[in-house]
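Structure assessment
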Amino acid sequence: MVKNNISSEELDAFLGPAKTDGLLALNEISLSKDAVILDVGTGVGVSAIFLALNGFKVITGEPETDNSVYAKMDWESNAKRFGVIESINFQAFNATQMPFQNNSFDAVVFFGSLHHIDEKMRKYSIEEGLRVCKERGSILFFEPTAETILKIRHKFPKHPLAANPKNYLNTGIDIKHIQGEMMDVYIAKT
C-alpha cells in the first residue's frame, strides 16, 4: 500500500482512522478493483488517498463556495506525495445537488463530512448520495466517535458534533453500524 518511498509510519500518521476504520468498511462492502468511488468532502485528501491506495478510482469534491477551515486544503500535494494523484479527480460540487448522473458510482463515501453539512440539508445530501450510487452499491458514512470529537475540539473548539445518518433517512434503507477505533461507520446498501 505504501508508494513513493513513504514509510508506513508516515502513511499511518496521515491516514489516521481512514486506514483502520476504512479497512473495516471496505471489508464489509467487497468492492471490485475497477470500482469508482465518490468521496464527498475532500479536506486534506485523507479519504480519497486511502481509497486510491487501495486501488480504486476516486472522484472527490466539496462546494466551490466553502471557505471553512476544512475546505480548500492542499489535498493535491498530499496525493502526489503518496503517489496516487493519477487515481483521484477533483470536481467542485455541493452535496445537496450533485452534478452526476443517476447510478454513477459503486460507492459513495462521506468521510467525516456529514456533520459539516447544515443539519437542514443532511437529508438532501444523503438522498443525493443514494441517487448517484449504483444499484447494489454502498454508501459509507464515517462520523467521529464522542471521544474523537473531544480530541478534535481541543484544536477546533467549535467543531460540530457527529451526525447519525439514520436520523436523516426515512426511505426504509437499513444502515449497518460498525464501531471503529475513532469513527462510527454506517453502511447503507442500495
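Up top you'll find the structure we're talking about.
What comes next concerns the included structure. (Residues numbered from 1 in each chain as written. Predicted model: local features only at pLDDT ≥ 70, side-chain atom pairs only at ≥ 80, totals over all residues. Heavy atoms only, no water.)

Focus on the nonpolar core
Among the nonpolar cores identified, the biggest contains 33 residues, and Leu15, Ile49, Leu51, Ile88, Leu140 and Phe142 are the most heavily contacted of them. Looking at this core, the elements that each hand over two or more residues are α1 (8–15), α2 (17–29), α3 (46–53), α4 (75–81), β4 (105–111), β5 (133–144) and β7 (183–189). Among the elements that make up this core, the one with the highest residue count is α3 (7 residues). Phe142 has contacts with Asp21, Gly22, Ala25, Val109, Phe110, Phe111, Gly112, Ser113, Met183, Asp184 and Val185, leaving out every residue within four places of it along the chain. Counting residues in hydrophobic clusters, the runner-up holds 24 residues, among them Leu38, Phe93, Leu114 and Ile175. (Core = buried A, V, L, I, M, F, W, Y, C linked by side-chain atoms within 4.5 Å. Buried < 20%, exposed > 50% of the residue type's maximum accessible area, 1.4 Å probe, protein only. Helix = DSSP H or I, 4+ residues; strand = E, 2+ residues; numbered from the N terminus. Contact = heavy atoms within 4.5 Å.)

What to know about the packing of α2 against α3
A pair of packed helices is captured by two measures, namely the crossing angle of their axes and the spacing between those axes. Where α2 contacts α3, the axes come no closer than 11 Å and their chain directions differ by 55°. It follows from the interaxial angle that α2 and α3 lie oblique. Crossing geometry of α2 relative to α3 is assigned as right-handed. Listed contacts from α3 to Ala18, Lys19, Gly22, Leu23 and Leu26 of α2 are Val46, Phe50 and Leu51. Class assignment for the residues of the contact of α2 with α3 results in 6 nonpolar, 1 polar and 1 charged. (Axes fitted to C-alpha atoms, helices over the stretch in contact; angles between N-to-C directions. Parallel < 35°, antiparallel > 145°, perpendicular 65-115°, else oblique. Left-handed = near helix turned anticlockwise from the far one by under 90°. Nonpolar A, V, L, I, M, F, W, Y, C, P; charged D, E, K, R; others polar.)

Thoughts on the pairing of strand β6 (residues 175–179)
Where β6 lies against β7, 5 bridges are found, and the strand directions are antiparallel. The partner of Ile175 across the bridge, within β7, is Ala188. In sequence, β6 turns back onto β7 through a hairpin of 3 residues. (Pairing = 2+ DSSP bridges.)

Quick look at α3
Counting buried positions along α3 yields 8 of 8 residues, so the element is predominantly enclosed. Val46, Ser47, Ala48, Ile49, Phe50, Leu51, Ala52 and Leu53 are the residues of α3 that are buried. Backbone geometry just after α3 places Gly55 at a positive phi near 95°.

Some words on the environment of Phe56
With respect to the helices, strands and loops of the structure, Phe56 is situated in the loop between α3 and β2 (57–61). What makes Phe56 buried here is its relative accessible area of 5%. Separated by 31 residues in sequence, Phe56 and Ser87 place their C-alpha atoms 7.1 Å apart. If near-sequence neighbours (up to four positions away) are discounted, Phe56 is found in contact with Leu26, Leu31, Ser32, Lys33, Ala35, Ile37, Leu51 and Ser87.

Here's the deal with the pairing of strand β1 (residues 36–40)
Of all 5 residues that make up β1, 4 are buried, and the element is covered over most of its length. Of the pairings in the sheet, the one linking β1 to β2 comprises 5 bridges and is parallel in character. Across the sheet, residue Ile37 finds its bridge partner in β2, namely Val58. Traced from β1 through α3 to β2, the parallel crossover comes out right-handed. As judged from the 3 bridges shared by β1 and β4, these two strands associate in the parallel manner. (Right-handed = clockwise from strand over helix to strand, strands pointing away.)

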